[in-house]
Every structure is written in structure tokens, then in C-alpha cells.
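# Geometric and topological summary
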Amino acid sequence: MDFKRGILSLSLVICISVFPPVLAQQHDEHEHGAPVEFKMPTTYKAAVREVCLRLHEIEELMASKKLDQVHAQADVIRKVGDVAGQLALKPDSGVARNAIKEVNKAGRELASQFDAIDKAADSGDAAGTRKVFEEMRRLGDVLREHCPRDYACPMRCEGDKTYPKPGECPKCKMKLQDTLSHLDHSPKHGGVFFMAPDQKHHLEGTISKKREFRIHFYDEYTKPISAERFTAEATARSAGKDDGKPLTMRLAPDKTFLVGQVDPSIRFPLEIKVFIDFKDGERPQVFDFDFAGASKPPSRGEGVREVQRDGKRTEADAKRGH
Ligand SMILES: [Zn+2]
Ligand SMILES: [Zn+2]
């Protein structure tokens, strides 16, 4: 373990001395959004992981309408995207030789999206930012698809140990997990976030002040997916009460979530029990959502005013049936 740490700090030192111009480079055309701390990756896998994490960050910033902070995250993607091809070229990168050209192209294209997403985010254009982001995610997926897979116990029973093939953890017997999936378990809509037992899906439940309950679905890489292939049966009750009332869940018109209206007699704090059929041949899976109050979109270290404004927006969204 200590030995590994030693290697890690050693490689960090090497990294800093090999790439000083990149690290020293500051992007200071904009005053907003302090630059984020990150270490320039020295392996292809680390580069892919960094890109995945930053894309998740941007997703969250878009969900919480903090477009002014997109700049700093996109800047990291720009720097890492530019060196992805170079890292893939390293003999031990694990990237197939015939994929290097494609990886290099995707990395460069990803980096070149910086100006577009920065411009859209700076001008507060949510739809424009989303559009560029979708293209960035597609390019990020190309990088990820060519990354050699390895697997580890989700409980990290053996620390950083990984296996080249899927299987089960020799200690706790859990199914080993792709180390590039499940990088992010933070709610996108300020709700309650779960990983499904199949380890292939994630879901998030949110509730509005008017007690409209929604379930959003994500794949194992926390990418939002359509709710149309899933069905859910639910009951809701005021916390601690014995009898739950049925809560009918239907598909939202735009198919991005399942939605149901909690019975008006049920008050916060409340509990919702949901059986979700993932249509995978397994029995429906049960999830228990506890809500002390209405969900608020994620907020990061902003003033109270910002939180309240977001809260109102959510309520207005809910009223519109958005
Ligand atoms: Zn384990
Ligand atoms: Zn997960």
C-alpha cells in the first residue's frame, strides 16, 4: 500500500516535470469560475477517468443552472482531450493499435468543443450548452469504449486491486464492477439517488412541494436514459403511518421520467416504496425513498439566495408539469 503510494507520488513528480507548460498554463480570459484543481493524467485510463468525471460535473452544473462554472470543467476536458491520443500511443496504454487514430481524433475534437460550450455557458444559453455537451459526451464515449476494461469489487475489499475479467470478489462475493462505471453517484435533480442491484442502472427519485413524485433513470455510467422501457408500482405514506396508499406511476410525455401524484392526505415527512421492473427477466426491485421535504436542485457552496431561487424555479417547473 505504502509502496503504491510511493509510486503514485513518484509518478506525480515525473508528471509535473514532464508537463510543466501544461500545468503552468492558466486560462484567464474569464474572471468567473475558479480553475479546478486536477493532475494532468499520465496514462490513457486516467485520462478517460478524468474526462468522465468532468462530464459528470458539467451535467450537474447544468442541472443546477450554474452555467458560469462550466468553463473551469470544460477547460480540464480541453487539456486532457488534447493529450488522449498521445497517451493512447504509449506501449502499455492497452488501446488497440488500430484504434489510436480514432482515439486521437475524438480527443482533439473533444478539446475543440471548449470554445463552443464556453460561449454558450457564458451567455446563459442552457439549450445551447446542452447541445454542445451532448456532442462532448458522445466523444467521451468514444474514448471510453477504447479504454481497456478492468474490474474491482464495488466495496473495495482488496483496495485498489483490479482484475482483467468480470467475476466475483473473493472476499465478499459481490460481482466485480467495471472501474470506469459508477464514477458518480450524486443526484442530478437534488433527489434521492440509488444504484440498482443489477449494477447496470441508477435511479433518482425527486418530490415537489405539491408532492409530485418522479423517477429518473441512468445507465451504469450515470448517463440519463429514457424511462419508457421501465414500469413501476408504488405506495406512499406519511412517515411512521401503517397504511400506504397506492401511487400510480406513468410515463412523462417526454419519456425522461416516470411520474405520479402522491395522495393529498399524505404529508411530509413521507415514505414512498417503489417496485421497479427493469424488464430484464428478473423480479421487480424494491426501493425505499424517504423525503423529509421537497427536493431541491443541487447547489454548491452558493449563498442562501441562490438556493431559494432554485427552489422557486423547481416549484414553478412542477406547476407547469415540466
Ligand atoms: Zn468485495
Ligand atoms: Zn453506480
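Residues numbered from 1 in each chain as written. Chains lettered and ligands numbered in written order. Predicted model: local features only at pLDDT ≥ 70, side-chain atom pairs only at ≥ 80, totals over all residues.

Turning our eyes to something else, we now look at the overall build of the protein. On a plain count of helices and strands, the protein comes out with 8 helices and 12 strands. Long-range pairs, those at least 24 residues apart, make up 56% of the contacts in the protein between residues at least 6 apart in sequence. (Helix = DSSP H or I, 4+ residues; strand = E, 2+ residues; numbered from the N terminus. Contact = placed C-beta atoms within 7 Å.)

Bringing the pairing of strand E8 (residues 245-248) into the picture now. Pairing of strand E7 (residues 231-238) with E8 involves 4 bridges; the strand directions are antiparallel. In the sheet register, Glu233 faces E8, and the bridge partner there is Thr248. Connecting E7 to the antiparallel partner E8 that follows it, the hairpin turn spans 6 residues, and Gly240 within it adopts a positive phi of roughly 85 degrees. (Pairing = 2+ DSSP bridges.)

On to the sheet that holds strand E11 (residues 270-277), then. With antiparallel pairing, 4 strands are arranged side by side in an open sheet as E8-E7-E11-E12. Both outer strands of the open sheet, E8 and strand E12 (285-291), are each paired with one neighbouring strand and no more. Across the sheet, the axes of successive neighbouring strands diverge by a mean angle of 25 degrees, strand direction being ignored. (Axes fitted to C-alpha atoms, helices over the stretch in contact; angles between N-to-C directions.)

Running from N to C, helix H6 (residues 114-122) and helix H7 (residues 126-145) cross one another at 155 degrees; their axes reach a closest spacing of 8 Å. What the angle tells us is that H6 and H7 run roughly antiparallel. Handedness of the crossing formed by H6 with H7: left-handed. Across the interface between the two elements, Ala116, Ile117, Ala120 and Ala121 of H6 pack against Gly128, Thr129, Val132, Phe133 and Met136 of H7. (Parallel < 35°, antiparallel > 145°, perpendicular 65-115°, else oblique. Left-handed = near helix turned anticlockwise from the far one by under 90°.)

This part covers the nonpolar core. Within soluble globular proteins, side chains that are nonpolar tend to cluster in buried spots. Core analysis: the largest hydrophobic core is formed by 33 residues, its most contacted members being Tyr44, Ala47, Val51, Ala84, Ile117, Met136 and Leu143. Beyond its immediate stretch of four places on either side in the chain, Ala84 contacts Tyr44, Ala47, Val103, Asn104, Gly107 and Leu143. (Core = buried A, V, L, I, M, F, W, Y, C linked by C-beta atoms within 7 Å. Buried ≥ 20, exposed ≤ 12 C-beta atoms within 10 Å, placed from the backbone.)

Before going further, it helps to spend a moment on the confidence of the model for the protein. For the protein, per-residue confidence averages 84 on the pLDDT scale, and 82% of positions sit at 70 or higher. In the model, residues 1-31 has pLDDT below 50 throughout and makes 16 contacts with residues more than four positions away in sequence or in other chains. Considering only residues more than four positions removed or in separate chains, one finds that residues 300-322, a stretch of pLDDT under 50, has 20 contacts. (pLDDT = per-residue confidence, 0-100.)

Taking 1.5 Å per residue as the helical rise, H7 with its 20 residues ought to reach 28 Å, and the 28 Å between its terminal C-alpha atoms agrees with that figure. Residues Thr129, Val132, Phe133, Met136, Leu139, Gly140, Leu143 and Arg144 constitute the buried set of H7. Viewed along the axis of H7, the buried residues span an arc of 145 degrees, placing them on a single side of the element. Turned more than 90 degrees away from the buried face of H7 sit Ala127, Glu134 and Arg138, all of them exposed. Contacts from the buried residues of H7 go to helix H3 (44-63), helix H4 (70-89), helix H5 (100-112) and H6. (Expected span 1.5 Å × (residues − 1). Arc of directions from axis to C-beta.)

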